[in-house]
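Structural characterization, general
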Amino acid sequence: MTSVKAIGGGVRAPDGTRLAVYEWGNPAGPEVVLIHGFAQSHLCFMPQIRSALAARYRIVAFDQRGHGASEQPTDPAAYQGSRAWADDIAAVLEAKRLKRPVLAGWSMGGRVIRQYLMVHGDARLAGINFVASQVIEDPSCRGPGAPKRPPDGQTLEEEIEAAIEFADGCYRRKPTAAAFLRVVAYNMRVPAAVRRAIGGWSTEAAPTIVALNKVRVPVLITHGRNDDVVLPGAVDITAKAIPHARQSWFDDCGHSPFAEHPERFNRELMAFVESCQNV
């Protein structure tokens, strides 16, 4: 396993929100941007960062607004609308001077990539990997393990129990006790007010499909067959909007293929990144 040290720094989004951005690996290698999901942080990608991927690729990850070490705006509008999440990705690409990265987005990270495509298009990208993502917001694909919007007046005990329940539901193949404690810790970094604001963010299906129809770069859709957070039916809906997308199904796998089957996930991500360099 490769030991790597992050190069950290802050990037300002157009609305002034400071994003914590990290970099590992080969500065001259093909570029990969890892985008985490709801109530997570860049730390969820340690199985990728501490792997052979870092020997070959320039890996960039950031904590999304409201998450991890990034700023947590108090105005709910900072987490809603059509531009905030899209412009966060654009700001990271610009600040890190990335030329043609592959974007890999897990769960809500895939929704954020979708938002980027709707606002900025795919001209600056080499490829896209949607990982366990409900790219098109069809209610039928929201599983029983999906995060629930915190109610007003939620107690601290209730907040902790909800975080534990959600984190546990992200895995069919459970992490070690130490790894799970780490997951719960960075989940709890996201305050209930931020969770509530994100819970009020949605994007209509029709304009999403229009944007996805315009995607020309290679696309890989990765999904666990036992995902209870984003149901597997989401894959067919996304693939219908992006006919050239390739699908990769993980058996005995829940919502976190990159953590439940890291060796296979890393091999497939590496092969996908390589294929994108020749397009």
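As shown above, the structure is provided for reference.
Throughout this document, residue positions are counted from 1 along each chain, in the order its sequence is written. Whole-chain, interface and lining totals are the exception, using all residues; otherwise, since this is a predicted model, local features are given only for residues with pLDDT of at least 70 and side-chain atom pairs are given and counted only at 80 or more. Side-chain metrics rest on all non-hydrogen atoms present in the structure, leaving aside hydrogens and water.

Some remarks on the pattern of salt bridges
What makes a salt bridge here is a side-chain nitrogen of Lys or Arg within 4 Å of a carboxyl oxygen of Asp or Glu, nothing more. Within this structure, the stated rule accounts for 17 salt bridges. With a closest N to O distance of 3.9 Å, Arg173 and Asp252 form a salt bridge. In this pair, Arg173 is assigned in the loop between helix H5 (156-169) and helix H6 (177-187) and Asp252 in the loop between strand S8 (246-250) and helix H10 (257-260), connecting sequence segments 79 residues apart. Exposure categories follow from relative accessible area, calculated using a 1.4 Å probe and restricted to protein chains: below 20% of the type maximum is buried, above 50% is exposed, and the middle band is partly exposed. Accessibility expressed as a relative area gives 39% for Arg173, which makes it partly exposed. Salt bridges here are not isolated pairs; linked through shared partners, they connect Glu23, Glu31, Arg58 and Lys96. Numbering of helices and strands runs from the N terminus; a helix is a DSSP stretch of H or I covering at least four residues, while a strand is a stretch of E covering at least two.

A look at the side chain of Ser107
Tracing the backbone shows Ser107 in the loop between strand S5 (102-106) and helix H4 (108-120). The exposure class assigned to Ser107 is buried, which follows from its relative accessible area of 13%. Residues adjacent in sequence count toward polar contacts only when both atoms are side-chain atoms; beyond that, a polar contact is any pair of N or O atoms within 3.5 Å, and within protein one must be able to donate a hydrogen and the other to accept it. At a separation of 2.8 Å, a polar atom in the side chain of Ser107 contacts the side chain of His255. Here a residue-residue contact requires only that any non-hydrogen atoms of the pair lie within 4.5 Å. Setting aside residues up to four positions removed in sequence, Ser107 forms contacts with Gly37, Val131, Ala132, Ser133, Val230 and His255.

Section: H6
Turn by turn, an α-helix covers 3.6 residues, leaving residues three or four places apart pointing in a common direction. Residues Phe180, Val183, Val184, Tyr186 and Asn187 constitute the buried set of H6. Tucked into the core, H6 has its buried residues touching H5 and helix H7 (192-199).

Some details on the nonpolar core
Counting residues in each nonpolar core, the largest one holds 88 residues, and the members touching the most others are Ile89 and Ile128. Beyond its immediate sequence surroundings of up to four residues, Ile128 is in contact with Val102, Leu103, Ile113, Leu117, Val215, Val217, Pro218, Val219, Leu220 and Phe272. In plain words, nonpolar cores are sets of buried Ala, Val, Leu, Ile, Met, Phe, Trp, Tyr and Cys residues tied together by side-chain atoms within 4.5 Å.

What about unusual backbone geometry?
Even without glycine at this site, Ala39 takes up a positive phi of about 60°. With respect to the helices, strands and loops of the structure, Ala39 is situated in the loop between strand S3 (31-35) and helix H1 (46-49).

Regarding the pairing of S5
With 5 of its 5 residues buried, S5 lies for the most part within the structure. In S5, alternate side chains face the same way, and those of Val102, Ala104 and Trp106 on one face and Leu103 and Gly105 on the other are all buried. Note on pairing: two strands pair once DSSP finds at least 2 bridges between them. Direction of pairing for S5 relative to strand S6 (residues 127-131): parallel, over a ladder of 5 bridges. By the bridge assignment, Leu103 is partnered in S6 with Ile128. For the segment spanning S5, H4 and S6, crossover handedness is right-handed. Here a crossover is taken to be right-handed if, once the strands point away from the viewer, the path from the first strand over the helix to the second is traced clockwise.

Concerning the packing of aromatic side chains
Pairs were defined over the aromatic rings of Phe, Tyr and Trp, the Trp ring being its six-membered one, requiring ring centres within 6.5 Å. Orientation was assigned from the angle between planes: stacked under 30 degrees, edge-to-face over 60, tilted for the rest. All chains considered together, the criterion is met by 7 aromatic pairs. Centre to centre, the rings of Phe38 and Phe166 are 6.0 Å apart; their planes meet at 70°, and the pair counts as edge-to-face. Residue Phe38 is located in the loop between S3 and H1, and its partner Phe166 is located in helix H5; the two are separated by 128 residues in the primary sequence. What makes Phe38 buried here is its relative accessible area of 11%. Look at Phe166 and you get buried, because its relative accessible area is 10%.

Quick look at a nonpolar patch on the surface
Residues qualify for a patch when their relative accessible area is over 30% and they have no salt bridge, like charges being joined within 9 Å and the nonpolar side chains of Val, Leu, Ile, Met, Phe, Trp and Tyr within 5 Å. In this description, accessible areas are obtained by the Shrake-Rupley approach with a 1.4 Å probe, and a residue is regarded as covered only by the protein chains that are shown. On the surface, a nonpolar cluster with roughly 240 Å² of combined accessible area is contributed by Leu156, Ile160 and Ile164. You can call Ile164 partly exposed: its relative accessible area is 31%.

Looking at helix H3 (residues 84-95)
With 12 residues, H3 extends 16 Å between its outermost C-alpha atoms, agreeing within 8% with the 16 Å of an ideal straight helix rising 1.5 Å per residue. Taking burial as the measure, the 12 residues of H3 include 10 buried ones, the bulk of the element. Of the residues making up H3, those classed as buried are Ala84, Trp85, Ala86, Asp87, Asp88, Ile89, Ala90, Ala91, Val92 and Leu93. Positioned one or two residues after H3, Arg97 has a phi angle of 55°, which is positive. Here the expected length of a helix is defined as 1.5 Å per residue gap, with one fewer gap than residues.

Regarding the packing of H4 against helix H8 (residues 205-213)
Put simply, H4 and H8 touch, their axes get as near as 9 Å, and they point 75° apart. If you check the angle between H4 and H8, you find them roughly perpendicular. Here H4 contributes Arg114, Leu117 and Met118 to the contact with H8, which in turn contributes Pro207, Thr208, Ala211 and Leu212. Residues are grouped as follows: Ala, Val, Leu, Ile, Met, Phe, Trp, Tyr, Cys and Pro are nonpolar; Asp, Glu, Lys and Arg are charged; every other residue, Gly included, is polar. Split into classes, the residues belonging to the contact of H4 with H8 amount to 5 nonpolar, 1 polar and 1 charged. To define axes, lines are fitted to C-alpha atoms, for helices over the stretch in contact only, and angles between the resulting N-to-C directions are given on a 0 to 180 degree scale. In what follows, roughly perpendicular refers to angles from 65 to 115 degrees, roughly parallel to angles under 35, roughly antiparallel to angles over 145, and oblique to any angle outside these ranges.

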